[in-house]
Amino acid sequence: MEKKARLATLCVQAGHEPKNGEPRVLPIVQSTTFKYDNTEEMADLFDLKKEGYFYTRLQNPTNDAVARKIAALEGGVGAVLTSSGQAANFYAVFNICEAGDHIVSSNEIYGGTYNLFGVTLKKLGIECTFVSQEASEEEISRAFKPNTKALFGETISNPGCRVLDIEKFARIAHAHGVPLIVDNTFPTPINCRPFEWGADIVTHSTTKYMDGHATQVGGCVVDSGNFDWEKYADRYPGLCTPDESYHGLTYTKAFDKMAYMTKIVSQLMRDLGSIPSPHNAFLLNLGLETLHLRMPRHCENAQRVAEFLHDDKRVAWVHYSGLPDDECYGMAKKYLPEGSCGVIAFGLKGDRQTAVQFMDSLRMIAIVTHVADARTCVLHPASHTHRQLSDEQLREAGVAPDLIRLSVGIEDIEDILSDIRQALDQL
Ligand SMILES: *Cc1c(COP(=O)(O)O)cnc(C)c1O
């Protein structure tokens, strides 16, 4: 495909380029294993001397084609699919961290990632310091330690809908000689490509807009290839010194810009094995083929809903970066000029029970533990996704107890608005 193909073309065609007589549609290679004619050939694959397929836990043609499409959309040098967004964020960090290391993360992140960083990584000996992403560069810099290995944030936070100042975060990360990892799940590369703003690694929960139909749970890690690991070789021994589990091969020397990706696949996938099934990758690919059509519609509908809620007297507050008086409006103008996403955070006047009553009165809009798909849905994080967090942790994670997360779908806007209107009328 043309190197300069535009986003819409990449959504439809990137990753799978059939040769003469091959299937036009990406085939599902539902096979754990691959056959070779002699022992030598397979031995070379195990030594990473040759590229090729031998076992689906490491690589699979269907999974790889979809990963190539996402890498092309983000403008990265390579990508790997994972079995979930959780696995993607874990791998992105664990690929460059080990026991005794430290990371810095925005506190405005998905509840699952907050737990992963604050609780589970800690059990593995990796500490995380959470910072407010609105704090000054000096303040955020104070969270860094000699053993800090990465800085993390979400382009648009789930569920708070805050927009990250990616350039500021990139400046801080690079001043400390560490990469910036950005979870770009909510805007998708259709609305923001964090590499263009200095991020080094991008992660996704492909479960959300990329799939768009709520058919598979999946994730993806994409590398820009831009971070100079060798410059900080002492900080990243896993990439810059010989790997005993690969006959003393050094990733940066053997694979240059593909060092980070090769290590994720050949080490983390080999040992931890969070791969998606090829069938799930196929479903994800169907979603990606229409991503460029769905995202603008999500944004258009969400803008209308946000404006409606903003003007309704029963609504206490609304966070949607498309509203001119939203705190993130300026940031969104810069990083998300084509639109942000379909997710809105808002609170109703009244107490916790008011939120519950509103949600229970919705007819078409469903209460589901999901976000960012074609069907409009709603969730109350304090009583659902974030219920394991204490009130203090909730506030730290930027989640107000009355926050309702409304994920606006691609149905007819009049039907979405009338359902919200009738539910509000029942309060
Ligand atoms: C959902 C989500 C995740 C976790 O992804 P799963 O696919 O559910 O494991 C991570 N980050 C963000 C921003 C998400 O919305």
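All values reported here derive from a predicted model rather than from experimental measurement.

Visitor: Would you mind going over the packing of helix H4 (residues 85-94) against helix H11 (residues 259-272) with me for this structure?
Guide: Relative placement of two packed helices is described by the angle separating their axes and the distance separating the axes. Contact pair H4 / H11: the axes reach a minimum separation of 10 Å and the direction vectors enclose 115 degrees. Crossing angle aside, the handedness with which H4 passes H11 is right-handed. Contacts between H4 and H11 involve Phe 90, Tyr 91, Ala 92 and Phe 94 from the first element and Tyr 260, Lys 263, Ile 264, Leu 268, Met 269 and Leu 272 from the second.

Visitor: What exactly am I supposed to notice about the site of the ligand here?
Guide: Near the ligand there are 16 residues, and of these Asn 158, Asp 183, Ser 205, Thr 207 and Lys 208 occur at the shortest range. Within the backbone of Gln 86, an N or O atom sits 2.9 Å from an oxygen atom of the ligand. Side-chain polar atom of Asn 158 to an oxygen atom of the ligand: 2.8 Å apart, as the coordinates give it. Mapping the ligand onto the cavity grids shows that it belongs to the second largest pocket. Sort the elements by how many residues they give to the shell around the ligand and H4 lands first, with three residues.

Visitor: Please clarify how unusual backbone geometry should be interpreted in this entry.
Guide: Note: most residues except glycine have negative phi, and most peptide bonds are trans. The amide bond that connects Asn 158 to the next residue, Pro 159, takes the cis arrangement and shows omega of 10 degrees. For Pro 159, the position within the fold is in the loop between strand E4 (148-154) and helix H7 (166-175).

Visitor: Help me out: how do you make sense of the domain arrangement of the chain in this one?
Guide: Interface size, as often reported, equals the accessible area lost upon joining of the parts. One can read the domain layout of the chain as domain 1 (7-287) and domain 2 (294-425). Domain 1 and domain 2 are separated by 29 Å when their C-alpha centres are compared. When the buried surface of domain 1 facing domain 2 is broken down by residue, Pro 159, Asn 191 and Tyr 209 rank first, second and third, together holding 24% of it. Taken together, domain 1 and domain 2 are joined by two salt bridges. If you list the elements that add at least two residues to the side of domain 1 that touches domain 2, you get helix H5 (111-123), H7 and helix H8 (188-191). For the side of domain 1 that touches domain 2, the residue count by class is 15 nonpolar, 11 polar and seven charged.

Visitor: It is not clear to me how the sheet that holds strand E6 (residues 201-205) should be interpreted in this structure. Could you clarify?
Guide: Strand pairing in a sheet relies on backbone hydrogen bonds, with the paired strands running either antiparallel or parallel. With respect to topology, seven strands assemble into an open sheet ordered E1-E7-E6-E5-E4-E2-E3, the strand pairing being mixed. Of all strands in the sheet, those bounded by a partner on one side alone are strand E1 (78-82) and strand E3 (127-131). Shown here is a sheet whose adjacent strand axes are inclined to one another by a mean of 20 degrees, direction ignored. Pairing of strand E2 (residues 102-106) with E3, which is carried by five bridges, proceeds in the parallel orientation. Its bridge partner lying in E3, Ser 105 is registered against Phe 130. Relative to E3, H5 is tilted by about 145 degrees, and along the sheet it contacts E2, E3 and E4.

Visitor: Would you mind going over the nonpolar core with me for this structure?
Guide: Most often, soluble globular proteins keep nonpolar side chains buried together rather than apart. With 100 residues, the main nonpolar core has Ile 70, Phe 117, Leu 180, Trp 229, Leu 239 and Tyr 260 as its most contacted residues. Ranked by residue count, the leading element in this core is H11, at seven residues. Shared between two domains, this core takes at least three residues from each, and those domains are domain 1 (7-287) and domain 2 (294-425). Core analysis: the second largest hydrophobic core is formed by 28 residues, Ala 306, Leu 417, Ala 423 and Leu 424 among them.

Visitor: Where do I start with the pattern of salt bridges in this structure?
Guide: Throughout the structure, instances matching the rule amount to 13 salt bridges. Of the charged contacts, one joins Glu 230 and Lys 253 as a salt bridge, the two residues approaching to 3.7 Å between their closest N and O atoms. Highlighted residues: Glu 230 in the loop between strand E7 (219-223) and helix H9 (237-240) and Lys 253 in helix H10 (residues 251-255), separated in sequence by 23 residues. Of the charged contacts, one joins Asp 271 and Arg 270 as a salt bridge, the two residues approaching to 2.7 Å between their closest N and O atoms.

Visitor: Help me understand helix H13 (residues 291-311), please; the structure alone is not making it clear to me.
Guide: In an α-helix, one turn spans 3.6 residues; hence positions three or four apart end up facing the same way. Given a rise of 1.5 Å per residue, 21 residues ought to cover 30 Å, and the 30 Å separating the end C-alpha atoms of H13 matches this to within 8%. Listing the buried residues of H13 in full gives Leu 291, His 292, Arg 294, Met 295, His 298, Cys 299, Asn 301, Ala 302, Val 305, Ala 306, Phe 308 and Leu 309.

Visitor: Hey, could you run me through the confidence of the model for the chain in this one?
Guide: Any residue range with low pLDDT should be treated as having predicted coordinates unsuitable for detailed reading. On average, residues of the chain score 95 in pLDDT, and 99% of them reach the 70 mark or higher. The least confident element of the chain is helix H16 (residues 391-396), whose mean pLDDT is 76; the most confident is strand E5 (residues 180-183), at 99.

Visitor: Would you take a moment to explain the layout of surface pockets for this structure?
Guide: Unoccupied space between atoms shows up once a probe the size of one water molecule is rolled over them. The space that makes up the largest pocket amounts to roughly 1,200 Å³. Lining the largest pocket are 44 residues, with Glu 51, Gln 59, Arg 68, Ala 79 and Met 258 sitting closest to its centre. When its residues are assigned to classes, the lining of the largest pocket shows 25 nonpolar, 11 polar and eight charged. Estimates place the volume of the second largest pocket at around 330 Å³. Lining the second largest pocket are 21 residues, with Gln 86, Tyr 110, Asn 158, Ser 205 and Lys 208 positioned closest to its centre.

Visitor: Would you take a moment to explain the sheet that holds strand E9 (residues 343-348) for this structure?
Guide: Taken in spatial order, the five strands line up as E8-E9-E12-E11-E10 in an open sheet, and their pairing is mixed. Two strands in the sheet have a free side with no partner beyond their single neighbour: strand E8 (315-319) and strand E10 (366-367). In terms of strand pairing, E10 meets strand E11 (residues 377-379) through two bridges, oriented parallel. When the sheet's bridge partners are listed, Ala 366 is paired in E11 with Cys 377. The strands touched by H13 within the sheet are E8, E9 and strand E12 (404-407), with E9 carrying the most contacts at an inclination of about 15 degrees.

Visitor: I tried to follow the packing of H13 against helix H17 (residues 413-425) on my own but got confused; where do I start?
Guide: Across the interface, H13 lies against H17 with an axial gap of 10 Å and an inter-helix angle of 25 degrees. Our classification of the angle between H13 and H17 gives roughly parallel. Pair H13 / H17 crosses with right-handed handedness. Residue-level inspection shows Asn 301, Arg 304, Val 305, Phe 308 and Leu 309 of H13 in contact with H17, the latter providing Ile 413, Glu 414, Ile 416, Leu 417, Ile 420, Arg 421 and Leu 424. For the contact of H13 with H17, a count of residues per class yields eight nonpolar, one polar and three charged.

The rules we used
- Residues numbered from 1 in each chain as written.
- Predicted model: local features only at pLDDT ≥ 70, side-chain atom pairs only at ≥ 80, totals over all residues.
- Heavy atoms only, no water.
- Axes fitted to C-alpha atoms, helices over the stretch in contact; angles between N-to-C directions.
- Helix = DSSP H or I, 4+ residues; strand = E, 2+ residues; numbered from the N terminus.
- Left-handed = near helix turned anticlockwise from the far one by under 90°.
- Contact = heavy atoms within 4.5 Å.
- Near = heavy atom within 4 Å.
- Polar contact = N/O pair within 3.5 Å; in protein donor to acceptor, adjacent residues only side chain to side chain.
- 1 Å grid on protein atoms, 1.4 Å probe; cavity = no way out; pocket = protein on both sides within 12 Å on 5 of 7 lines; lining within 4 Å.
- Sits in = over half its atoms within 2 Å of the grid points.
- Domains from an automatic or database assignment.
- Buried area = accessible area lost by both parts, 1.4 Å probe.
- Salt bridge = Lys/Arg side-chain N within 4 Å of Asp/Glu carboxyl O.
- Nonpolar A, V, L, I, M, F, W, Y, C, P; charged D, E, K, R; others polar.
- Pairing = 2+ DSSP bridges.
- Core = buried A, V, L, I, M, F, W, Y, C linked by side-chain atoms within 4.5 Å.
- Buried < 20%, exposed > 50% of the residue type's maximum accessible area, 1.4 Å probe, protein only.
- Expected span 1.5 Å × (residues − 1).
- pLDDT = per-residue confidence, 0-100.
- Points joined across faces, edges and corners; volume = space filled by probe spheres on them.
- Parallel < 35°, antiparallel > 145°, perpendicular 65-115°, else oblique.

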